[in-house]
Amino acid sequence: MPAYNAASAQADEIRLEDVNPCSTCGARPLGVCADLKGHELQEMACTSETVTAQPGQALFHEGDPNPFVFNVVEGAVKLYRLLPDGRRQITGFLFQGDFLGLGGRGPSSFTAEALTPMSACRFRRGDFDQLLNALPALEHRLVAMAGDELMAAQEQIVLLGRKTARERIASFLTRLSARQVQLGGAEGRVHLPMTRLDIADYLGLTIETVSRVFTQFKTSGLIQLLPNNDVALPDPEALKALGEGAA
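Not measured: the values here are computed from a predicted model.

Explain the environment of Phe 214 here, please?
Topologically, Phe 214 is positioned in helix H7 (residues 207-220). What makes Phe 214 buried here is its relative accessible area of 2%. Remark: the alpha-carbon pair of Phe 214 and Val 190, spanning 24 residues in sequence, is separated by 13 Å. For Phe 214, the residues in contact, after removing those within four places along its chain, are Ile 169, Leu 173, Leu 192, Arg 196, Ile 199, Ile 223 and Leu 225.

Below you can see the structure in the form of structure tokens.
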């Protein structure tokens with residue numbers, strides 16, 4: 001049997017990454033696969049399939065069986081539930097690198113709908129469970145992401161329960177800006193792939209209130225409304241302070 005050669009093994013890992021599209025995926029730095037290398041990435045790639053959706057198209061609907069989990073590769077997704085009287089509550093927005101499917105294994109408790117043209121890696125739950133058992137780095141990364149998701153949910157509880165309309169929208173813009181900076185976007189600028197109604201249904205407000213507060217922010221110089229649903233934030237610290245109730 002030939003002796004183990006560390007340099008050769010490292011070269012094999014590099015060659016695996018060269019031929020694996022996961023190694024150049026833009027979602028990888030923030031995704032569940034961020035800490036995987038070489039054969040681990042290859043194994044994950046072989047277990048997944050790529051799915052795409054156009055704006056308004058659902059990955060799955062509330063109440064449907066959903067045997068899959070997803071890692072968003074490109075685009076944006078909104079998650080929402082419908083009340084019996086037809087009212088809608090948006091529970092979150094997902095972007096490149098976000099993971100979808102950490103919840104229960106029964107029927108889906110929400111609908112996941114594309115806001116923009118999007119693509120995702122889709123895994124069958126059973127296959128993904130096997131990956132978690134085989135790849136400790138994947139399991140550790142998923143636990144960390146679950147912790148981040150829990151913190152975000154706690155922040156959302158405070159936002160909906162205690163903050164004013166102005167504070168809610170300031171917090172929303174601040175958090176969205178921070179997320180887009182993580183994705184490589186420019187500081188002090190936010191792209192809004194969602195509508196004003198989407199924002200209202202996420203923040204527990206009416207669309208009239210959202211539009212009025214945006215106008216107030218524009219008039220006071222906190223934001224500048226730009227073409228293509230972009231918003232400039234001339235003073236991000238002032239906006240953050242307002243969102244935290246300190247202004």
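Got a minute to help me understand H7 in this structure?
Residues lying three or four places apart along an α-helix face the same way, a consequence of the helix completing one turn every 3.6 residues. Helix length check: H7, at 14 residues, gives a terminal C-alpha distance of 20 Å against a target of 20 Å (1.5 Å per residue), a fit within 8%. Turning to H7, its buried residues number three or more, namely Thr 209, Val 210, Val 213, Phe 214 and Phe 217. In a view along the axis of H7, the buried residues occupy a sector of 135°, so they form one face of it. Facing away from the buried surface of H7 by more than 90 degrees, the exposed residues are Glu 208 and Thr 219. Packing partners of the buried residues in H7 comprise helix H5 (165-182), helix H6 (196-203), strand S10 (224-226) and helix H8 (236-243). In the segment just after H7, Gly 221 is the residue with positive phi, at about 85°.

Would you mind showing me how to read the pattern of salt bridges here?
Side chains carrying opposite charge are able to pair once their charged atoms draw close together. Inspection of every chain in the model, using the stated rule, returns eight salt bridges. With its nearest N and O atoms 3.6 Å apart, the salt bridge here joins Lys 78 to Glu 113. Of this pair, Lys 78 sits in strand S4 (residues 77-82) while Glu 113 sits in strand S7 (residues 111-114), and the two are 35 residues apart along the sequence. What you see here is one network of salt bridges that share partners, running through Lys 78, Arg 88, Glu 113, Asp 198 and Asp 201.

Could you clarify how one ought to interpret the packing of H5 against H6 in this entry?
The description of two helices packed together rests on the angle between their axes and the distance between the axes. In contact at an axis separation of 11 Å, H5 and H6 are set at 110° when each is read in the N-to-C sense. As judged from the angle between their axes, H5 and H6 are roughly perpendicular. Contact with H5, carried on its side by Arg 168, Ile 169, Phe 172 and Arg 175, involves Ile 199, Tyr 202 and Leu 203 of H6 and no other residues of that element. The class makeup of the residues in the contact of H5 with H6 is five nonpolar, no polar and two charged.

Can you walk me through the sheet that holds S4 in this structure?
Paired through backbone hydrogen bonds, the strands of a sheet run either parallel or antiparallel to each other. Read across the sheet, four strands follow the order S2-S7-S4-S5 without closing on themselves; strand pairing throughout is antiparallel. This sheet does not close on itself; its edge strands, each paired only once, are strand S2 (58-60) and strand S5 (88-94). Each adjacent strand pair in this sheet contributes to an overall mean axis angle of 30°, direction not counted. Where S4 lies against S7, four bridges are found, and the strand directions are antiparallel. Considered in S7, the bridge of Val 77 is made with Ala 114. In the packing of H6 onto the sheet, the strands contacted are S4 and S5, and the crossing angle to S5 comes to about 105°.

Even after reading the chapter, I still don't get the packing of aromatic side chains, so can you show me in this structure?
The description of two aromatic rings rests on the distance between their centres and on the angle between their planes. All told, the structure shown has eight aromatic pairs when counted by the stated rule. Through successive ring pairs, a cluster of aromatic residues spans Phe 60, Phe 68, Phe 70 and Phe 110. Above the plane of the ring of Phe 214 lies Arg 196, whose end atom (NZ or CZ) is 4.2 Å from the centre.

The rules we used
- Residues numbered from 1 in each chain as written.
- Predicted model: local features only at pLDDT ≥ 70, side-chain atom pairs only at ≥ 80, totals over all residues.
- Heavy atoms only, no water.
- Helix = DSSP H or I, 4+ residues; strand = E, 2+ residues; numbered from the N terminus.
- Buried < 20%, exposed > 50% of the residue type's maximum accessible area, 1.4 Å probe, protein only.
- Contact = heavy atoms within 4.5 Å.
- Expected span 1.5 Å × (residues − 1).
- Arc of directions from axis to C-beta.
- Salt bridge = Lys/Arg side-chain N within 4 Å of Asp/Glu carboxyl O.
- Axes fitted to C-alpha atoms, helices over the stretch in contact; angles between N-to-C directions.
- Parallel < 35°, antiparallel > 145°, perpendicular 65-115°, else oblique.
- Nonpolar A, V, L, I, M, F, W, Y, C, P; charged D, E, K, R; others polar.
- Pairing = 2+ DSSP bridges.
- Phe/Tyr/Trp six-rings, centres within 6.5 Å; stacked < 30°, edge-to-face > 60°.
- Lys NZ or Arg CZ within 6 Å of the ring centre and 35° of its normal.

Function cannot be inferred from these measures alone, as they are strictly geometric.
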